[in-house]
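# Architecture and fold: a report
Chain residues, written in single-letter form:
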Amino acid sequence: MGNDGGSIPKRRELVKEAARAPTSSELKATALESLTHAWTTCRISSAPLDPHNTVADARGQLYNYETILRCLLPGAADPTTGGEGEGEERQTQEAAAFARSGIRSLKDVVKLRFNIRKDDGKREVRTCPVSMRELGGAATRAVYVVPCGHVFAEAIMKELLATEAEEKNNKGKDTTDAADNKMKMSRCPECSEAFALRDMVPILPVDEPDVEKCAARSDELRTLGLAHNLKKDKSAGGKKKKRKATEEEDGGGGAPVESGKDGERERESRSQKEGKKKQKRDRDDISSRINNSMTATLTAKVLAEQDERNRQRKLAAAVR
C-alpha cells in the first residue's frame with residue numbers, strides 16, 4: 001500500500017452525493033425537451049407529426065389526422081383486449097391512448113393551418129404568419145383559432161387584440177357592455193373570419209390558468225350543445241330525445257294504447273318504425289365517419305341494397 005503510486009480513497013470520496021432538487025436551469029431544459037417532443041410527435045401513435053395534416057383537440061394536444069381517422073374506424077383495436085405480436089400490441093397501445101384523449105368524432109378536433117416556409121437547409125418550418133416567428137417549442141407560445149384553424153404566436157395575438165380594443169375605445173365604443181370578455185368577437189388576421197375570444201385555444205398549454213381555460217371552454221360548449229369545432233353535438237341532442245321519450249312512456253304522456261288486437265297491431269307497427277329509424281341512424285353514422293367521399297357513397301349504396309333485400313325477404317315471408 002505504499003510506494004506504488006496509488007492512493008487510498010477516503011469515505012467522503014466513496015459515498016454518493018445526497019439527492020437534491022433540480023435547479024431552475026435543469027427544469028427549463030426538461031420542459032423544453034418535453035415541449036419539443038410534443039410539437040414533433042403525434043400523441044397517440046408516437047409518429048412524426050405531418051405539418052400539413054395536423055389536428056388539435058380542445059386541450060391543445062396535437063395529433064396526425066390519419067391517426068384520428070384510423071382510430072375512429074369501427075374495426076379499431078379494443079384497449080381491453082390483448083393481442084399477439086408487435087403489430088397487435090402497437091394497435092392496442094394506440095387504442096388505449098385514443099380512449100384517454102376523449103375524442104369521439106371528427107367534431108372533437110380542428111385541422112390546423114400552419115404557415116409553412118423553408119429555411120436555408122430546405123427544412124419545412126412552421127411560423128406565425130404575422131410575426132414570422134418559428135413555432136414548435138418553448139421559445140414561442142402558440143394559439144389557434146376555432147373554427148378556421150389558423151395558428152399564431154400568442155404574444156402577437158394579444159398585441160392585436162389590445163390594439164383593436166384601444167381603437168374601439170378611441171371611436172367611442174364601450175367595450176364593457178359584454179357580459180364576459182370571452183364572449184367578445186374578433187376576426188382572424190389571416191382569413192378575416194369572425195371568432196369569439198373564448199375560441200382562441202392555446203397549443204400544448206403548460207401553465208395552470210391555460211389548462212383551466214381550456215376545461216372551462218369545453219364545459220361551456222357542452223352546455224350549449226356544441227362540439228369543439230362549434231358544430232352541433234348530435235350526441236347531446238340524442239340523449240335529450242331518448243330521455244324525453246322514456247319520460248313519455250313512463251308517465252303516459254302519449255296517446256293511450258288500445259287493448260286487444262288493435263293495441264297489439266299498433267305496438268308492432270311502432271316497433272317496426274323504431275327499428276327502421278335505428279337502421280337509418282346507424283347507416284348515416286357509419287357514412288359520416290368515412291372521410292373519403294367515394295368510399296362513403298359506395299358504403300351508403302351497399303347498405304341501401306341490403307335494406308332493400310331485407311324488405312323484399314319480409315314481403316315474401318308475409319305472402320307465404
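The structure reproduced in this document is the subject of the present report. Every chain begins its residue count from 1, and numbering advances along the sequence as written. Selection of residues for local features in this predicted model requires a pLDDT of at least 70, selection of side-chain atom pairs for listing and counting requires 80 or more, and totals for whole chains, interfaces and linings are taken over all residues. Remark: hydrogens and water are excluded; side-chain values derive from all non-hydrogen atoms of the structure.

## Some words on the sheet that holds strand β10 (residues 200-202)
To keep it simple, the criterion reads: For two strands to be treated as a pair, DSSP must find at least two bridges joining them. Where helices and strands are cited, they refer to DSSP runs of H or I of at least four residues and of E of at least two residues respectively, numbered from the N terminus. Interaxial angles span 0 to 180 degrees and are taken between N-to-C directions of axes, which are lines fitted to C-alpha atoms, for helices over the stretch in contact.
Taken together, three strands build an open sheet; the order of strands is β7-β6-β10 and the sheet is antiparallel. If you trace the sheet from one side to the other, it starts and ends with β7 (151-153) and β10, each paired once. The sheet shows a mean angle of 35° between the axes of neighbouring strands, taken without regard to direction. Taken together, the three bridges between strand β6 (residues 142-145) and β7 define a ladder with antiparallel strand orientation. Pairing of A142 across the sheet is with A153, part of β7.

## Things to note about the pairing of strand β4 (residues 115-118)
Bridge count between β4 and strand β5 (residues 124-127): four bridges; the pairing is antiparallel. Residue pairing in the sheet places I116 in a bridge with R126 of β5.

## Some points on the sheet that holds strand β2 (residues 62-64)
Backbone hydrogen bonds hold the strands of a sheet together, and the pairing may be parallel or antiparallel. The following threshold applies: Whether two residues are in contact is decided by their heavy atoms, any of which lying within 4.5 Å being enough.
Read across the open sheet, the three strands follow the order β2-β1-β3; overall the sheet is antiparallel. Both outer strands of the open sheet, β2 and β3 (110-111), are each paired with one neighbouring strand and no more. Note: strand β1 (residues 54-56) against β3, two bridges, orientation antiparallel. Residue pairing across strands places A56 opposite V110, the latter belonging to β3. The strands touched by helix α3 (residues 65-72) within the sheet are β1 and β2, with β2 carrying the most contacts at an inclination of about 75°.

## Here's the deal with unusual backbone geometry
Test applied: Partly exposed residues are those whose accessible area sits between 20% and 50% of the maximum for their type, while under 20% is buried and over 50% is exposed, using a 1.4 Å probe and protein chains only.
The step from V146 to P147 runs through a cis peptide bond, and the omega angle for that step is 15°. Within the secondary structure, P147 sits in the loop between β6 and β7. A positive phi angle is found at L204, which is not glycine, with a value near 50°. Positive phi outside glycine occurs at L230, with the angle close to 70°. In this structure, L230 sits in the loop between α6 (208-223) and α7 (234-251). With a relative accessible area of 26%, L230 lands in the partly exposed category.

Take it as geometry only, folks, not as evidence of what the structure does.
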